Amino acid sequence: MTKDLLAKADEFENRTLSHMSTSDRVAASREAKALILSINEIYKETKDSNLMDVMKRLTEKKKKIEKRLKGNPLA
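The structure reproduced in this document is the subject of the present report. (Residues numbered from 1 in each chain as written. Predicted model: local features only at pLDDT ≥ 70, side-chain atom pairs only at ≥ 80, totals over all residues. Heavy atoms only, no water.)

## What to know about the nonpolar core
Note on soluble globular proteins: their nonpolar side chains tend to be buried together. Note the threshold: For this analysis, a nonpolar core means a set of buried residues of the types Ala, Val, Leu, Ile, Met, Phe, Trp, Tyr and Cys, connected via side-chain atoms within 4.5 Å. Note on classification: 1.4 Å probe, protein chains only; a residue is buried when its accessible area is under 20% of the maximum for its type, exposed when over 50%, partly exposed between these limits. Segments assigned H or I by DSSP are reported as helices when at least four residues long, segments assigned E as strands when at least two residues long, and all are numbered from the N terminus.
Grouped together as the largest cluster of nonpolar side chains are 16 residues, with contacts concentrated most on Phe12, Ile39 and Leu58. Those elements giving two or more residues to this core turn out to be α1 (2-13), α2 (22-46) and α3 (49-70).

Next up, the structure:
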């Protein structure tokens, strides 16, 4: 189970963000959230530092996606 989640997380991290539609970005953000929460459940039991590193990297990528979704604030 952990290996499967880590494989999905690795695939998500290596996915390119360019040329994504808005709906693709929303789907990617939701996928990242689901991955992070799933890994977090395993991390609570094992306290494996590798899992924490993966969650941090996924969170950074998720923040970039969400920043692009929200756009620049209008002055």
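Moving on, there is more to tell.
## Some remarks on the pattern of salt bridges
Test applied: Definition used for salt bridges: Asp or Glu carboxyl oxygen within 4 Å of a side-chain nitrogen of Lys or Arg.
Enumeration according to the criterion identifies 5 salt bridges in this entry. Arg15 serves as the salt-bridge partner of Glu31, at 3.0 Å between the closest nitrogen and oxygen. Taken as a pair, Glu31 in helix α2 and Arg15 in the loop between α1 and α2 lie far apart in primary sequence, 16 residues in all. Notably, a salt bridge pairs Lys44 with Glu41, separated by 3.4 Å at the nearest N-O pair. Taken together, the residues span about one helical turn, with Lys44 and Glu41 both in helix α2 at a distance of 3 residues. The class for Glu41 is partly exposed, based on a relative accessible area of 44%. Several salt bridges converge on common partners, so that one network encompasses Glu11, Arg15 and Glu31.

## Things to note about the packing of α1 against α2
For clarity, the cut-off: Structural elements are reduced to axes, namely lines fitted to C-alpha atoms, with helices fitted over the stretch in contact, and the angle between N-to-C directions of any two is expressed from 0 to 180 degrees. Crossing chirality is assigned from the near helix's rotation relative to the far helix, an anticlockwise turn below a right angle marking it left-handed and a clockwise turn marking it right-handed. Between two residues, a contact is recorded if the distance between any of their heavy atoms is within 4.5 Å. Amino acids outside the nonpolar list (Ala, Val, Leu, Ile, Met, Phe, Trp, Tyr, Cys, Pro) and the charged list (Asp, Glu, Lys, Arg) are all regarded as polar, and Gly is one of them.
One way to put it is that α1 packs onto α2 with a least axis distance of 10 Å and a crossing angle of 150 degrees. Handedness of the α1/α2 crossing: left-handed. For the pair formed by α1 and α2, the contact residues are Thr2, Leu5, Lys8, Ala9, Glu11 and Phe12 on the first element and Ala28, Glu31, Ala32, Leu35, Ser38, Ile39 and Ile42 on the second. Among the residues forming the contact of α1 with α2, the class breakdown is 8 nonpolar, 2 polar and 3 charged.

## Quick look at unusual backbone geometry
A positive phi angle, near 60 degrees, is found at His19, a position not held by glycine. Its location among the elements puts His19 in the loop between α1 and α2. Although it is not a glycine, Lys47 sits at a positive phi angle of roughly 55 degrees. Mapped onto the fold, Lys47 is located in the loop between α2 and α3.

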